[in-house]
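Examining the three-dimensional arrangement
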Amino acid sequence: MLIKRASDIRSSEITDRKLYLNRREFIQAATGTAAAAAVGVLGSEALVQAAQPAPHGRKLENVKKSPLSLDENVEKPNKWEDITTYNNYYEFGTDKDSPSRFARSLKPEPWTVTVDGECTKKAAWHLEDILKGQTLEERIYRHRCVEAWSMIIPWVGFPLADFIKRCEPTSKAKYIEFTTLLDSKQMPGVRSPVLRWPYVEGLRMDEAMHPLTILVVGLYGEVLPNQDGAPLRLAVPWKYGFKHIKSIVKIKFMEKAPLNTWQESAPSEYGFYANVNPTVDHPRWTQASERRIGEFFRRKTLMFNGYGEQVASLYSGMDLKRNY
Amino acid sequence: MLKPLVFVAALGPLAWLIWAALTGNLSANPLSDLTNETGVWTLRFVCITLAITPLRRLTGWNAAIRFRRMTGLFAFFYGTLHFLTYVIADRFAGLDFPDGIIAWSTVRNLVKSVGEDIYKRPFITVGFTAWTSMVPLALTSTAGMIRRLGGRRWNQLHRLVYLTGMLGVVHYWWLVKADVRRPITYGLVVGALLAFRVYWTRAHAVRPTATRAPAARA
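In this text the structure is predicted, and so the values were computed from the model without any measurement.

So, about helix α1 (residues 2–22) of chain B. An α-helical turn contains 3.6 residues, so a residue and the one three or four places further along point in the same direction. Residue and element names in this part refer to chain B. Under the 1.5 Å per step criterion, the end-to-end length of α1 is 30 Å for 21 residues, consistent within 8% with the ideal 30 Å. Of all bends in α1, the biggest is about 35 degrees, found at glycine 12, and the proline proline 13 comes one to four residues later. All of the buried residues in α1 are Ala10, Pro13 and Leu17. Residues of α1 that are buried make contact with α2 (30–59) and α3 (68–91). Taken from the residues just after α1, glycine 24 is the one with a positive phi, measuring 70 degrees.

The following block contains the structure:
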């Protein structure tokens, strides 16, 4: 007897790999949205599922130590688990663990940053070109959220000033405006009008050129996890966390100060400068102290988050109670 | 039969919180989670308590009244935990301890710190008022107190819970930064439960009509 084994799957039925991957992404995005909706209704996010720390990413090479880093023996960096499960990134939802749960739908590669406004090198920059020839440094910084919690974070990045110089801003460039990606397919949170999207932040030119101000591409020596603003975010350690704009797609040099998203949302609570200042309270809570994540007793908040020696001169003569 | 079951279920959130705190299943900021969760559960139990009368009216399931004292006391219980978490994690943890932790100055400074916060910050003022409004209700929840006050006066006093619900929602609303969807949801629930009472009272008010009222007296 001839046993004929028919091929039970015709080649036309075999799903193309690309399609199959797309479907997987679709399912991921769909479950993400459904979970986000369920969480929104229930309100007890932690009851639904615990947050997952980010998977470890590619190791970044040739990362130099920086004299501008904190001494990690004095200010011990927070754990990877803390930094990647507890933060605000409203594009993925408004709970602290939303970014860690929904940011996997973000695609940080390929990435382009559009440079525009008062500069000569207006162009769409590929991230690789921005990083080409750029020395990466580890910068262990204090990170102080406007909600009065704080962490020590070992960022990896490079001075924003380096990139600004390559863009050749004109003499009219007094401010920089940064814009976060806006894509509802990658970011389930932007379907709710909680803030006006896209997220926008700004710095004065001298703040942007300050050696402490960095563009971040990594964390703990590894590629920056999605939930922390991959692939390119800002760190300005003497300012509240909301100034540290994430997943930057546009940099624009401007003559006038841009209107940052939180200032637009609640101008009496969030200003343009947002310098960490223990003497100016948020209208609804104190800024005099903070909870360092992982500690019970609250710490006294330091003026300019402890970076006063380096940055106080930027604001000499300014009334910081009015320019909060 | 059902009552012990409801009692155990109402302790569920607390049991879960303790378990999660001990096993590291809360977020990187567990003290903030404990404060938030006990607060939200307070509001939920206030809503459940406020829902019992509409439920009875609409379904005729009058036996539901049996659970009202229990759910009300659980609202007070979670509210008290919420207040204590705030006092310990927010106020006590932020104190200076010039004479060490175990000292009179610690007690004085803590009372001062809580008092100043309640006075200075409207959302704390409102939250504290909401909790305070539950105290007389909890104290007069026994059968003996109902008898002493008399049903009518007891009922009047316990309408304070309407205020508790409204203040609880405002407290939550003022706390969030931009995303007011959850406070709005609770606002709608409390609003609907209170509106139902207004509607029901109007619809079932005894209207003394010219023909009936004297006849009834006669």
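We now examine the interface of chain A and chain B. Residue-level contacts link 24 residues of chain A with 18 residues of chain B. Listed by contribution, the elements that provide at least two residues to the side of chain A that touches chain B are α3 (80–85) and β12 (289–292) of chain A. Within the side of chain A that touches chain B, the residues separate by chemical class into eleven nonpolar, seven polar and six charged.

Turning to the packing of α2(B) against helix α9 (residues 181–203) of chain B, a few remarks are in order. Each packed pair of helices is defined by two parameters, the angle between the axes and the distance between the axes. Residues and elements named next belong to chain B. Viewed as axis vectors pointing N to C, α2 and α9 meet at an angle of 30 degrees, and their least axial separation amounts to 10 Å. Here α2 lies roughly parallel to α9, going by the angle between them. When you trace α2 past α9, the crossing you get is left-handed. Contact residues: Leu43, Cys47, Leu50, Ala51, Pro54 and Arg57 in α2; Tyr186, Val189, Val190, Leu193, Phe196 and Trp200 in α9. Considering only residue class, the contact of α2 with α9 consists of eleven nonpolar, no polar and one charged.

What follows concerns the nonpolar core. A:Trp155, A:Leu215, A:Val216 and A:Leu234 are the most contacted members of the largest nonpolar core, which totals 70 residues. At seven residues, the largest contribution of residues to this core is made by strand β5 (residues 149–159) of chain A. Ignoring sequence-local partners within four residues, the contact set of A:Val216 consists of A:Trp155, A:Val156, A:Gly157, A:Leu224, A:Arg233, A:Leu234 and A:Ala235. In terms of nonpolar packing, the next biggest core, distinct from the first, is built from 28 residues, B:Val46, B:Phe74, B:Tyr78 and B:Trp131 among them.

This brings us to the sheet that holds strand β3 (residues 123–126) of chain A. All names here are of chain A. Within the open sheet, the five strands sit side by side as β3-β2-β11-β6-β7. Their pairing is mixed. Taken across any chain shown, the strands that pair with only one partner, and hence form the sheet edges, are β3 and β7 (200–204). Neighbour-to-neighbour, the strand axes of this sheet turn through a mean angle of 20 degrees, independent of strand direction. In this structure, strand β6 (residues 175–180) lies alongside strand β11 (residues 248–254), joined through six bridges in antiparallel fashion. Across the sheet, threonine 179 pairs through a bridge with lysine 250, a residue of β11.

Residue and element names in this part refer to chain B. With 23 residues, α9 extends 32 Å from end C-alpha to end C-alpha; this agrees with the ideal 33 Å at 1.5 Å per step. The complete set of buried residues in α9 reads Pro183, Tyr186, Val190 and Leu193. Looking at the buried residues of α9, the elements they touch are α2 and α8 (160–175).

Turning to the confidence of the model for chain B, a few remarks are in order. Residues and elements named next belong to chain B. On average, residues of chain B score 93 in pLDDT, and 94% of them are at 70 or above. For residues 213–218, every residue scores under 50 in pLDDT, and the model assigns this stretch one contact once sequence neighbours within four places are set aside. Taken over the whole predicted complex, pTM reads 0.86, whereas the ipTM for its chain interfaces reads 0.86.

Criteria and cut-off values
- Along each chain, residues carry numbers from 1 onward, in the same order as the chain's sequence is written.
- Starting at A for chains and at 1 for ligands, labels are handed out in the order in which the entities are written.
- Per-residue local features of the predicted model are confined to residues with pLDDT of at least 70, and side-chain atom pairs are confined, for both listing and counting, to 80 or more; whole-chain, interface and lining totals are unaffected and use all residues.
- Helix and strand assignments come from DSSP, with helices taken as H or I runs of at least 4 residues and strands as E runs of at least 2, each series counted from the N terminus.
- What a helix is expected to span follows from its residue count: subtract one and scale by 1.5 Å.
- Bend, in this description, refers to the angle at a residue between axes fitted to the seven residues ending there and the seven starting there.
- Three exposure classes are used, all based on how many other C-beta atoms lie within 10 Å of a residue's own C-beta (placed from the backbone): buried at 20 or more, exposed at 12 or fewer, and partly exposed between those limits.
- Placing a C-beta atom from the backbone of each residue, one calls two residues in contact when those atoms lie within 7 Å.
- Think of it as three bins: nonpolar holds Ala, Val, Leu, Ile, Met, Phe, Trp, Tyr, Cys and Pro, charged holds Asp, Glu, Lys and Arg, and polar takes everything else, Gly as well.
- To get an axis, fit a line to the C-alpha atoms, keeping to the stretch in contact for a helix; angles then go from 0 to 180 degrees between the N-to-C directions.
- Comment on the angle field: the value is read as roughly parallel under 35 degrees, roughly antiparallel over 145, roughly perpendicular from 65 to 115, and oblique elsewhere.
- Helix crossings get a hand from a simple test, with the near helix turned counterclockwise from the far one by less than a right angle marking a left-handed crossing and a clockwise turn marking a right-handed one.
- Note on terminology: a nonpolar core is a set of buried residues of type Ala, Val, Leu, Ile, Met, Phe, Trp, Tyr or Cys, with members joined through C-beta atoms within 7 Å.
- Any two strands are treated as partners once DSSP identifies two or more bridges connecting them.
- The predictor rates its confidence in each residue with pLDDT, a number between 0 and 100.

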